Amino acid sequence: MRVILAEDSPLLRAGLVRLLEESGLDVLDAVSDAMSLRAAVAATPPDVVITDIRMPPTYGDEGLQAAVDIRAAHPTVGVLVLSQYLEAAYAERLLRSDASHVGYLLKDRVSDAAMLVLAAERVAAGGCVVDPDVVRMLVARPRADDPLGPLTDRERVVLSLMAEGWSNQGIADRMFLSPKTIEAHVTAILTKLDLRDTPTGNRRVLAVLRFLRGPAPADP
Amino acid sequence: MSLSAAAFWTPAPSGTTRNRAGWPAWAVAGAGLIGCTLSLLAPILHGLPMHPGAQAVHAAVTAAYVGAGAVALVRRPGNAVGALMAAIGFLWLIPDLGWIRAPLSATLAVTYPQLYQPVLAHLALGFPSGRVTERAERWLLGYLYAFTLLSNLAVAAFTDPRADGCSDCQRNLFLIHSSPLAEQRASEVTTLVSLVTVVATAAVIGRHLWRATSAGQYAMAPVMWVLGPAATYIVLLQVADLVSLPSAMERVIRDYLPLTLLVLPVGFLVGLLRIRLTYARVGRFAADLAGPAPPGRVREVLATMLHDPDLELFYWSSSSAAYVDLHGNPVKPDRVADRATTAIDSDAGPLALLVVDPAVLAEPGLVRAAGAIAQLALENERLQAEVRSQLVQLRSASARLVQAGQEARRKIERDLHDGAQQRLLALSMTLGRARDLLGPKGDPRMRDSLDRAHADLHQAIAELRELARGIHPVLLSQEGLASALRALAERSPLPVQVAAPAERFGEGVESTAYFVVSEAITNAARHSRAGLVRVLVRRDAGNLVVEVSDDGIGSASESARLGTGLAGMRDRVTALGGVMSVVSPPGQGTRIAVRLPCA
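1. Structural notes on the overall build of chain A
And then number 1: Scanning chain A for helices and strands turns up ten helices and six strands.
And then number 2: Counting across all 220 residues of chain A, residues that qualify as buried make up 46%.
And then number 3: In chain A, 64% of the contacts between residues at least 6 apart in sequence involve partners at least 24 apart.

Here you go:
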């Protein structure tokens, strides 16, 4: 699997290159800002891009913007954003266009090479990845009229895995349950949450994420 | 109290000038008296008594102009008005020179009976300063003088008083060629051009009055009153020269209409009297200013007293070493363009700056008197303006402090991000690699230690992330208040509902509003036992309004329960010119409202 990396901290960039190469990935290029990233991807489109959010020149959200642009310009290139921010807003912004070939992972995951590589593979294969901590924050948040109240503990776990981007098969593998059982859980969850018109596949991830976040503040 | 005037006419200190100005005034008055007497006596001496009424009117014009001129020379030394009025009075007597049986006097009497007219126009355009400043008006005056001198000369060149065999008549010194026909033609042309000239001059004077400021018009009142009657008189005089009118009518025009000219000197004297009366009323104005007065009262009283409704008053602020207005804002120089300024000083230093119409300074004594009676009230208002000026400075200083605090927070957040957070992430990467290298067959105690270190490090990274977020949430500057408040609600320890518009409000305002909500939620979570916090953000008439209400136990108003965080937020809100209120009746929840001015 071919990777292009964008990270402005030299310390982390060098560490990540070593980590990815030791895990058997082919690092085509490692750049330090969003502009070089766009150029590198345009020159040699990789299977997956791994990028930081906050980079020169403005140290704002240029990595995220570049990720969205790369997804639009190169439909076959997956983008995994490594974020320093535990913000559901950024994750939703990344998934908003088509929710495939994208991932939003906290930078903390650099300590777990296996998880990082697995996420990169899922993204490259067209999947969608949302960091478990982001999902945990949304599921655990206290609510006035808790819509998650009717869910059983197991259903909550299934809902969390749905939000993290796993398919029914993926959830089944991780919970050591049959796909049939998971399918039943998913149907029960969607009925209880009144999400019956929810699309399948990656679009489901965005729908569940939006449901967990609740209505936007500007909505009446 | 001293007074300095930057007007076009700077008055000299009164006492000495008045003494020095004394003798020309007396000389003028004496000459006028002699002139009038001779004018009245001459017909009798020559055994040709005239109608007493006509004689009285004729002498009255000279008496009024010379008299008013003499008064003006005393009252306003250095101002040309006095000289101009006296000149009109004397020139008016030119026809009387005919009584002197000599060629020169007779020639002048016949040629220049109307020489006072251009001087009258000069006076009208120069009233009350005595100066004609506008270019077009100066050109007009030049033309008027030249036309009057030359046109009458042209007529005289052909006029031979002895042509009809009048041997008793005096010789015309200006005669070049005796020709009654040429004389008649020249006279007709001259009279016609004169008519046009009079009307045009009246129009220019009218425009001059029309364009004056209200204080200027007040000062020019005598000119305003005389313009119509005098123009009518002079026009009728030309008409009487052109066509033959019934003799009674012609007598009225020539003998009695000169009364209209009296309006100007009489008006001038009335104006002086009015100023005297204003002096007499100074006591009343002083009474108006006694006791506590609302801000701006001094300005009103001075505007009434000096007849300048647009009068402006600025106060000396010693802290900013500048004149400031009632609200403490420094005076802008363009405010005083086209206006005259006059400083009012006390013994202790500058007190105030009067910005008035230049016409007001024509009566410097009155301005001084006004300054004197207003002094105490002015000192009072000046101190108030000074306090307000300091408040303005204080407010901008605290706004700068808030700004600096915010920049410091951003810098700390950036330093944490670039420094400690990156190092800890790199460390966790190294630790993860060590764990991977150890593999499943490694020493279990070693593995256990690495796992524990990894868990602690993970916790430290998460805590540092939340710390940086609490110092400055990146989402706030990137996506705005609504997005940042939503994210705040997502990690809040109790349910929070947010309603906020997606628009942006300016960095300082957004940041302050955000931290008010953050502190309010922290407070509610800590003390209120609330089940729900509602956050409402809206824009209201140039303000950002934020309301945070909970359904808890209330009683949060006491400072102990309000928390130092919120108390600090109140300071920050105030520094930005906003207000913050906390309503927290026992058992009825807490409602914190903030109103922040925003662009």
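Following the structure, the description resumes.
2. Focus on the overall build of chain B
And then number 1: In terms of helices and strands, chain B carries 18 helices and ten strands.
And then number 2: When each of the 599 residues of chain B is scored for burial, the buried share is 36%.
And then number 3: Restricting the contact set of chain B to residue pairs at least 6 apart, pairs at least 24 apart contribute 70%.

3. Concerning the sheet that holds strand β3 (residues 48-52) of chain A
Residues and elements named next belong to chain A.
And then number 1: With respect to topology, six strands assemble into an open sheet ordered β2-β1-β3-β4-β5-β6, the strand pairing being parallel. The open sheet terminates on both sides in strands that have one partner only, identified here as β2 (26-31) and β6 (128-130). Taking the axes of each pair of neighbouring strands and ignoring which way they run, one obtains an average angle of 20° across the sheet.
And then number 2: Sheet analysis places strand β4 (residues 78-83) next to strand β5 (residues 102-106), joined by five bridges and oriented parallel. Opposite Leu 82, over in β5, you have Leu 105 as the bridge partner.
And then number 3: Running at roughly 160° to strand β1 (residues 2-6), helix α2 (residues 34-43) makes contact with β1, β2 and β3 of the sheet.
And then number 4: In the packing of helix α5 (residues 113-124) onto the sheet, the strands contacted are β1, β3, β4, β5 and β6, and the crossing angle to β4 comes to about 145°.

4. Description of the interface of chain B and chain A
And then number 1: Chain B puts 37 residues into the contact, and the matching count from chain A is 30 residues.
And then number 2: Taken together, the elements giving at least two residues each to the side of chain B that touches chain A come down to α13 (364-438), α14 (444-471), α15 (474-479), α16 (481-490) and β6 (496-499) of chain B.
And then number 3: Take the side of chain B that touches chain A: its biggest share by element is eleven residues, from α13(B).

5. Concerning the packing of α16(B) against helix α17 (residues 507-528) of chain B
Two quantities define a packed helix pair, namely the angle between the axes and the distance from one axis to the other.
All names here are of chain B.
And then number 1: For the pair α16 and α17, the least separation of the axes is 10 Å and the interaxial angle reads 20°. With respect to their mutual orientation, α16 and α17 come out roughly parallel. Considering the relative orientation of α16 and α17, their crossing is right-handed. Taken together, the residues of α17 that come into contact with α16 (itself represented by Leu 481, Ala 484, Leu 485 and Leu 488) are Glu 510, Ala 513, Tyr 514, Val 517 and Ser 518.
And then number 2: Its residues assigned to classes, the contact of α16 with α17 shows seven nonpolar, one polar and one charged.

6. Quick notes on helix α4 (residues 103-111) of chain B
And then number 1: For α4(B), the full list of buried residues reads B:Ala106, B:Thr107, B:Leu108, B:Val110 and B:Thr111.
And then number 2: Here the buried face of α4(B) lies against α6 (135-156) of chain B.

7. Describing unusual backbone geometry
And then number 1: Each neighbour pair has its own omega, and for A:Pro56 with A:Pro57 the value is 5°, a cis peptide bond.
And then number 2: Despite not being glycine, A:Ala99 shows a phi value in the positive range, around 60°.
And then number 3: Among the structural elements, A:Ala99 can be located in the loop between α4 (88-95) and β5.
And then number 4: According to the C-beta neighbour criterion, A:Ala99 is buried, with 23 such atoms within 10 Å.
And then number 5: Positive phi, close to 55°, is recorded for B:His307, a residue that is not glycine.
And then number 6: If you trace the backbone, B:His307 turns up in the loop between α12 (297-305) and β2 (312-317).
And then number 7: Taking the C-beta count within 10 Å as the criterion, B:His307 has 21 such neighbours and is therefore assigned buried.

8. Here we look at α4(A)
And then number 1: A:Ala88, A:Tyr90, A:Ala91, A:Leu94 and A:Leu95 are the residues of α4(A) that are buried. The arc enclosing the buried residues of α4(A), seen along the axis, measures out at 160°, which places them on a common side.

9. So, the sheet that holds β6(B)
Sheets are built from strands that pair by backbone hydrogen bonding, the pairs being arranged parallel or antiparallel.
Residues and elements named next belong to chain B.
And then number 1: On the basis of which strands lie adjacent, the open sheet formed by five strands has the order β6-β7-β8-β10-β9 and mixed pairing. In this open sheet, the two edge strands, each paired with only one partner strand, are β6 and β9 (579-583). The average undirected angle you get between the axes of adjacent strands in this sheet is 10°.
And then number 2: Direction of pairing for strand β7 (residues 533-540) relative to strand β8 (residues 543-550): antiparallel, over a ladder of eight bridges. In the sheet register, Val 537 faces β8, and the bridge partner there is Val 546.
And then number 3: The sheet strands contacting α16 are β6 and β7, and the helix crosses β6 at an angle near 170°.

10. As for the nonpolar core
A general tendency of soluble globular proteins is for nonpolar side chains to be buried together.
And then number 1: Core analysis: the largest hydrophobic core is formed by 115 residues, its most contacted members being A:Leu80, A:Val81, A:Val205, B:Leu481, B:Leu485, B:Ala513 and B:Val517.
And then number 2: Of all the elements, α17(B) adds the most residues to this core, at nine residues.
And then number 3: The residues touching A:Val205, leaving out its near neighbours within four places in the chain, are A:Leu95, A:Ala99, A:Cys128, A:Val130, A:Met162, A:Ala163 and A:Gly165.
And then number 4: One finds B:Val66, B:Leu73, B:Met224 and B:Ala359 within the second-largest nonpolar core, a separate group that totals 80 residues.

11. Regarding the pairing of strand β10 (residues 591-597) of chain B
Residues and elements named next belong to chain B.
And then number 1: Residues Ile 592, Val 594 and Leu 596 of β10 are buried on one face, while the alternating residues Arg 591, Ala 593, Arg 595 and Pro 597, pointing to the opposite face, are not.
And then number 2: Of the pairings in the sheet, the one linking β8 to β10 comprises seven bridges and is antiparallel in character. Bridge assignment links Ser 549 to a residue of β10, and that residue is Arg 591.
And then number 3: Note that β9 and β10 share five bridges and pair antiparallel. Across the sheet, the residue bridging to Val 582 is Ile 592, located in β10.

12. What about the packing of α12(B) against α13(B)?
Residues and elements named next belong to chain B.
And then number 1: As a packed pair, α12 and α13 sit with axes 10 Å apart at the nearest point and diverge in direction by 165°. Classified by the angle their axes make, α12 and α13 are roughly antiparallel. Every pair of crossing elements has a handedness; the one defined by α12 and α13 is left-handed. Side by side, α12 and α13 meet where Val 298, Val 301, Leu 302 and Met 305 of the first sit next to Ala 370, Ala 374, Ala 377, Leu 378 and Glu 381 of the second.
And then number 2: Its residues assigned to classes, the contact of α12 with α13 shows eight nonpolar, no polar and one charged.

13. Let's talk about the confidence of the model for chain B
Residue and element names in this part refer to chain B.
And then number 1: Looking at chain B as a whole, its pLDDT mean stands at 84, while 94% of the residues score no less than 70.
And then number 2: Contacts from residues 1-18, a stretch scored under 50 in pLDDT, to residues over four places away or in other chains number 39 contacts.
And then number 3: Our summary of model confidence lists the complex with pTM equal to 0.58 and ipTM equal to 0.92.

14. Some thoughts on the environment of B:Leu361
Residues and elements named next belong to chain B.
And then number 1: Of note, Leu 361 is situated in the loop between β5 (349-356) and α13.
And then number 2: Since 25 C-beta atoms lie within 10 Å of it, Leu 361 is described here as buried.
And then number 3: For the pair Leu 361 and Ala 340, spaced 21 residues apart in the sequence, the C-alpha separation amounts to 7.8 Å.

What counts, and where the lines are drawn
Residues numbered from 1 in each chain as written. Chains lettered and ligands numbered in written order. Predicted model: local features only at pLDDT ≥ 70, side-chain atom pairs only at ≥ 80, totals over all residues. Helix = DSSP H or I, 4+ residues; strand = E, 2+ residues; numbered from the N terminus. Buried ≥ 20, exposed ≤ 12 C-beta atoms within 10 Å, placed from the backbone. Contact = placed C-beta atoms within 7 Å. Pairing = 2+ DSSP bridges. Axes fitted to C-alpha atoms, helices over the stretch in contact; angles between N-to-C directions. Parallel < 35°, antiparallel > 145°, perpendicular 65-115°, else oblique. Left-handed = near helix turned anticlockwise from the far one by under 90°. Nonpolar A, V, L, I, M, F, W, Y, C, P; charged D, E, K, R; others polar. Arc of directions from axis to C-beta. Core = buried A, V, L, I, M, F, W, Y, C linked by C-beta atoms within 7 Å. pLDDT = per-residue confidence, 0-100.

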